[in-house]
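Structural overview for review
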Amino acid sequence: MAWYDNAVFYHIYPLGLCGCAHENDGQPTPGAFQKLNDWAAHAADIGCTAIYIGPLFESGSHGYDTIDYRRVDRRLGTNEEFKEFVANCHARGQHVIVDGVFNHVGWNFFAFDDVVRNGENSKYKNWFYHLQFPVERPEDPETYPTYECFGYERMMPKTNTCNPEVQDYFCEVGRYWVREFDIDGWRLDVASEINDGFWRAFRQAVKEEKPECILIGEVWETAQHWLNGDIFDSTMNYDFRKHCRRFFAEQSIDAAEFDARVTNMRMRYKLPVLYAQLNLLDSHDVSRFYSLCEKDPARMQLAVLFQMTFTGIPSVFYGDERGIYGLQEAEYRHEMTWSQEPPALAEFYKKAMHLRTEHPALCRGSYHTVKAEKKNRLYGYERTDEKEKITVFLNNQSAAAEIPPMNGKILWQQGYEEKNNSLAPMGFAVFTQEV
């Protein structure tokens, strides 16, 4: 998938960005898709070449308790509006992927509703796990349900994806959104909790519709098992976030420890898989990185520069570039308005993204550590392809630091003094030279 090799993603949680009501009362949020389109256009302006939007389908509350897999959530708008959204993104040169939530469904999903109404006579009783009849929807959250559910969430019954009927149903869902709306791939929710046979069938179905579709699994742990070429093309790299949190946000490890962690992360995958990892600082499931940085733009900027110059595919969660913060779900899934904009941080994101897209070595080049010492947080590394070597130094500490003499041209710097080869506290320097 050539388009994915050089992608920079903008991740939109649409119900949050648009300020939709938490409970789905069937009422659309005025102008939701216009707002989504405006933010996708903004993402293109700052350098994002792909949009990950989700959850998208009709649900009862937060989007991950799906009711109807063939309909856009009414709080956002209509299927036709989404089709237009995809077309607009494609016209800007952006690709679009959506959430696939197949591990569990919502209470009012047709098959589960049939099981509640018809009990053991339901033709869908084998679509779910460990049913105890009669199956009821317990209103009391302290009441343990008579069926298996996701994460003890009673309103999300777990689906039996080993059942061929369930597989066929969800594979057709995968085909439907590719065929009818021309989406470019799927991000697959709680992928590690679903059996491999289902994922192989889903992959075949989607790739038959559009071979260049990308499949990105949500796997929080090491993901070699899913990345052998027959299941996913990529996974969400939460280890990347974890290591960046320790080094940049908390400043609790030194450069040597950070490099050891980064090296381990790089060495566990073959190169094609390493280049495909979706590297994120934020998502809809974790606290905002800016909050972890204690709203310190300097720490945030160094982390962003590392994200944009490291191996893999960067993914920016909506509003990161505008200084959105929050530790709890209600905060980090916050509605976005144009007024929430620290200009320096927004401009930094734009420059960092364009740096990546303008220099192929930062997308597909090799990686080599230049500087990473104990009891120090100066970190340096090189990205090299057949035409160019780019060297990056990040001084993630409160003291100035000396860097090796560089022969290349400066691409970007903050706090660099060439005459004594030093970086100011929290400074950085990016150099380029021909090879």
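Everything discussed here concerns the structure shown above.
Computed from a prediction, not measured in an experiment: that's the story for all the values here.

Right, let's talk about helix 12 (residues 297-309) for a bit. Taking 1.5 Å of rise per residue, the 13 residues of helix 12 would be expected to cover 18 Å, and the 18 Å separating its terminal C-alpha atoms lies within 8% of that figure. Counting buried positions along helix 12 gives 11 out of 13 residues, so the element sits mostly inside the fold. Among all positions in helix 12, only Arg299, Met300, Gln301, Leu302, Ala303, Val304, Leu305, Phe306, Gln307, Met308 and Thr309 are buried. Between the side-chain oxygen at the start of helix 12 and the backbone nitrogen of alanine 298 there is a gap of 3.0 Å, and the oxygen is on aspartate 296.

At a minimum axis separation of 9 Å, helix 12 and helix 14 (residues 343-358) run at an interaxial angle of 20°. The pairing of helix 12 with helix 14 is recorded here as roughly parallel in orientation. Helix 14 is crossed by helix 12, and the crossing has right-handed handedness. Side by side, helix 12 and helix 14 meet where Met300, Gln301, Val304, Leu305, Gln307, Met308 and Thr309 of the first sit next to Ala344, Leu345, Phe348, Tyr349, Ala352, Met353, Leu355 and Arg356 of the second.

For the structure on display, the rule yields 60 aromatic pairs. The interplanar angle of 5° and the centroid separation of 3.7 Å between the aromatic rings of tryptophan 220 and tyrosine 238 together place this pair among those described as stacked. You can see tryptophan 220 sitting in the loop between strand 7 (214-217) and strand 8 (234-237) and its partner tyrosine 238 sitting in helix 8 (residues 238-249), a full 18 residues away along the chain. Classification of tyrosine 238 by relative accessible area gives buried; the value is 5%. When the ring of phenylalanine 348 is compared with that of phenylalanine 428, the centres are 5.8 Å apart and the planes differ by 85°; the resulting orientation is edge-to-face. Placement of the pair is phenylalanine 348 in helix 14 and phenylalanine 428 in strand 16 (residues 422-434), with a sequence separation of 80 residues. For the pair formed by phenylalanine 348 and phenylalanine 428, the shared burial category is buried. When the ring centre of tyrosine 13 is taken as reference, the NZ or CZ atom of arginine 333 above it lies at 4.7 Å.

Going residue by residue along strand 7, you find Ile214 and Ile216 tucked away on one face and Leu215 and Gly217 tucked away on the opposite face as well. For strand 6 (residues 185-188) and strand 7, the ladder comprises four bridges, and the chain directions are parallel. Along strand 7, the bridge assignment pairs glycine 185 with isoleucine 214. As judged from the two bridges shared by strand 7 and strand 8, these two strands associate in the parallel manner. Along strand 8, the bridge assignment pairs isoleucine 216 with serine 234.

Let us look at the side chain of asparagine 79. You can see asparagine 79 is positioned in helix 4 (residues 79-91). With near-sequence residues (within four places) excluded, asparagine 79 lies in contact with Arg70, Arg71, Val72, Tyr176, Trp177 and Phe181.

On to the layout of surface pockets, then. By volume, the largest pocket amounts to about 330 Å³. Taken together, 15 residues form the lining of the largest pocket, with Tyr64, Phe150, Asp285, Glu329 and Arg333 sitting closest to its centre.

Taking 1.5 Å as the rise per residue, helix 4 with 13 residues should run 18 Å; its terminal C-alpha atoms sit 18 Å apart, in good agreement. Among the residues of helix 4, Asn79, Phe82, Phe85, Val86 and Cys89 are the ones counted as buried. The buried residues of helix 4 all sit within an arc of 110° when viewed along its axis, so they share a single face. Across helix 4 from its buried face, at more than 90 degrees, point the exposed residues Glu80 and Ala91. Tucked inside the fold, the buried residues of helix 4 contact helix 3 (32-46), strand 2 (50-53), strand 4 (66-72), strand 5 (95-100) and helix 6 (164-181). A positive phi of about 85° marks glycine 93, the residue just after helix 4.

Conventions we followed
- Residues numbered from 1 in each chain as written.
- Predicted model: local features only at pLDDT ≥ 70, side-chain atom pairs only at ≥ 80, totals over all residues.
- Heavy atoms only, no water.
- Helix = DSSP H or I, 4+ residues; strand = E, 2+ residues; numbered from the N terminus.
- Expected span 1.5 Å × (residues − 1).
- Buried < 20%, exposed > 50% of the residue type's maximum accessible area, 1.4 Å probe, protein only.
- Polar contact = N/O pair within 3.5 Å; in protein donor to acceptor, adjacent residues only side chain to side chain.
- Axes fitted to C-alpha atoms, helices over the stretch in contact; angles between N-to-C directions.
- Parallel < 35°, antiparallel > 145°, perpendicular 65-115°, else oblique.
- Left-handed = near helix turned anticlockwise from the far one by under 90°.
- Contact = heavy atoms within 4.5 Å.
- Phe/Tyr/Trp six-rings, centres within 6.5 Å; stacked < 30°, edge-to-face > 60°.
- Lys NZ or Arg CZ within 6 Å of the ring centre and 35° of its normal.
- Pairing = 2+ DSSP bridges.
- 1 Å grid on protein atoms, 1.4 Å probe; cavity = no way out; pocket = protein on both sides within 12 Å on 5 of 7 lines; lining within 4 Å.
- Points joined across faces, edges and corners; volume = space filled by probe spheres on them.
- Arc of directions from axis to C-beta.

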